[in-house]
Each structure stands twice: as structure tokens, then as C-alpha cells.
Amino acid sequence: MPSNDVRNLLHTAVPTAAVGVIAAVVSGFTAGGKGALGAVVGTLIVMLFMGIGMVVLQRTAKSLPQLFQAMGLMLYTAQLLLLLIFVAVFKRTTLFSPRAFAITLIVATVAWVAAQARAHMKAKIFYIDPEPSKAGTAQKTGSAT
């Protein structure tokens, strides 16, 4: 993975993990140990799904740049549907607090997307590919008088 991709992943994963820690502490106080466990599981699922999606999207951008936008839209839709399926599957679980799990999924997803948008805005990505200048030919500038 190129350093720019790792940096983008780091700039999105760290804030999401911080939000997950805060959610685990708050859930621990409000719902006890099961709430904290639900928040941790929710954060890990979001980081796993979104991280894999980011890696897939970066590879698609390098190999098939013409499909980048369509792949991004399809990928984010699929990720949100998978998260919705996880909420539905674990709705009646007794292993952890489903409410803390669901709220943490939503909050961590919003944190991931916001951190990803911020990382993209702060990244210095060339969007114009300048033509190389010819060192051997002198270009005339100014008036010819």
C-alpha cells in the first residue's frame, strides 16, 4: 500500500477509534459492561467494513480509474446496507447491549466519513498533470523587439 493510502487510512481510523473509545466509556456508564462491549463491537465492525472498503476503492482507482466514482457510490451503499443488516441481526442479542451497538455503529460511521472527507480535503493531490518542460529548447517570452 503506498504511503498516501496508509496516511489516508490512518487519518480516518484514528478519529473513528477515538469516537469508539468515547462511545465505550459512555455506554459503560449508561448500560454497564454489556453497553461497553456493544460499543467496542460496533466500532470494530465499522472500522473493518470501512477500512476494507477504502482499500478496495484505492485499488480500483489505480487499476480502473474510469470506474472510480461508480465503484465509490456502490461501495458506500453496500457498506451502509451491511451495517443495517448487522443492526437487524444483533437486535435481540443478549451478549451485549443492542442499543449501544446500534448507536455506536451510526456515530462511528459518521465519524469515519467525516474524517475521510477531512483527510481528502487536507491531502495535497495533484489534479493537473503539468507537461514536462523541454530543457533543450528556449521558449520566447515577452516582446520580440
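In short, a report on the structure.

Quick notes on the overall build of the protein
1) Next: Counting its regular elements, the protein contains four helices and zero strands.
2) Next: Seen in sequence order, the protein has helices and strands lined up from the N terminus as α-α-α-α.
3) Next: Expressed as a percentage of its 145 residues, the buried residues of the protein come to 28%.
4) Next: Look at the contacts in the protein between residues 6 or more apart in sequence, and 73% of them connect residues 24 or more apart.
5) Next: Carbon and sulfur atoms make up 70% of the accessible area of the protein, which totals about 10,200 Å².

Looking at the environment of Gly32
1) Next: Relative to the elements of secondary structure, Gly32 occurs in the loop between helix H1 (3–31) and helix H2 (33–63).
2) Next: Gly32 sits in the partly exposed class, given a relative accessible area of 27%.
3) Next: In this structure, the C-alpha to C-alpha distance between Gly32 and Ser97, residues 65 residues apart in sequence, is 8.8 Å.

Focus: the nonpolar core
1) Next: In terms of nonpolar packing, the biggest core is built from twelve residues, these being Ala13, Ile45, Val46, Phe49, Met50, Met54, Leu83, Phe96, Phe101, Leu105, Ala108 and Trp112.
2) Next: For this core, the element with the highest residue contribution is H2, accounting for five residues.
3) Next: Contact partners of Phe101, with chain neighbours within four places excluded, come to Gly38, Val41, Gly42, Ile45, Phe86, Val87, Phe90 and Phe96.

Thoughts on a nonpolar patch on the surface
1) Next: On the surface, a cluster of nonpolar side chains totalling about 370 Å² of accessible area is made up of Ile103, Ile106, Val107 and Val110.
2) Next: Along the chain, Ile106 turns up in helix H4 (residues 98–122).

Details of the packing of helix H3 (residues 68–89) against H4
1) Next: Contact geometry for H3 and H4: axes closest at 10 Å, N-to-C directions at 165 degrees. Classified by the angle their axes make, H3 and H4 are roughly antiparallel. H3 and H4 meet at a crossing whose hand is right-handed. Judged by residue contacts, Tyr76, Leu80, Leu83, Phe86 and Val87 of H3 engage Phe101, Ala102, Leu105, Thr109 and Gln116 from H4.

Let's talk about the side chain of Thr109
1) Next: Within the secondary structure, Thr109 sits in helix H4.
2) Next: For Thr109, the side chain forms a polar contact with the main-chain oxygen of Leu105, separated by 2.6 Å.
3) Next: Ignoring any residue separated from it by four or fewer positions in sequence, one finds Thr109 in contact with Val46, Met50, Leu80 and Leu83.

Points about H3
1) Next: In this model H3 runs 31 Å from its N-terminal to its C-terminal C-alpha over 22 residues, within 8% of the 32 Å that 1.5 Å per residue would give.
2) Next: Those residues of H3 that fall on the buried side of the exposure criterion are Gly72, Leu75, Gln79 and Leu83. The buried residues of H3 occupy an angular sector of 70 degrees when projected down its axis, which confines them to one face. Of the exposed residues in H3, those oriented more than 90 degrees away from the buried face are Leu73, Leu84, Ala88 and Val89.
3) Next: Each element contacted by the buried residues of H3 is listed here: H2 and H4.

Criteria and thresholds
- Residues numbered from 1 in each chain as written.
- Predicted model: local features only at pLDDT ≥ 70, side-chain atom pairs only at ≥ 80, totals over all residues.
- Heavy atoms only, no water.
- Helix = DSSP H or I, 4+ residues; strand = E, 2+ residues; numbered from the N terminus.
- Buried < 20%, exposed > 50% of the residue type's maximum accessible area, 1.4 Å probe, protein only.
- Contact = heavy atoms within 4.5 Å.
- Areas by Shrake-Rupley, 256 points an atom, 1.4 Å probe, with all protein chains shown as cover.
- Core = buried A, V, L, I, M, F, W, Y, C linked by side-chain atoms within 4.5 Å.
- Patch = residues over 30% accessible without salt bridge, like charges linked within 9 Å, V, L, I, M, F, W, Y side chains within 5 Å.
- Salt bridge = Lys/Arg side-chain N within 4 Å of Asp/Glu carboxyl O.
- Axes fitted to C-alpha atoms, helices over the stretch in contact; angles between N-to-C directions.
- Parallel < 35°, antiparallel > 145°, perpendicular 65-115°, else oblique.
- Left-handed = near helix turned anticlockwise from the far one by under 90°.
- Polar contact = N/O pair within 3.5 Å; in protein donor to acceptor, adjacent residues only side chain to side chain.
- Expected span 1.5 Å × (residues − 1).
- Arc of directions from axis to C-beta.

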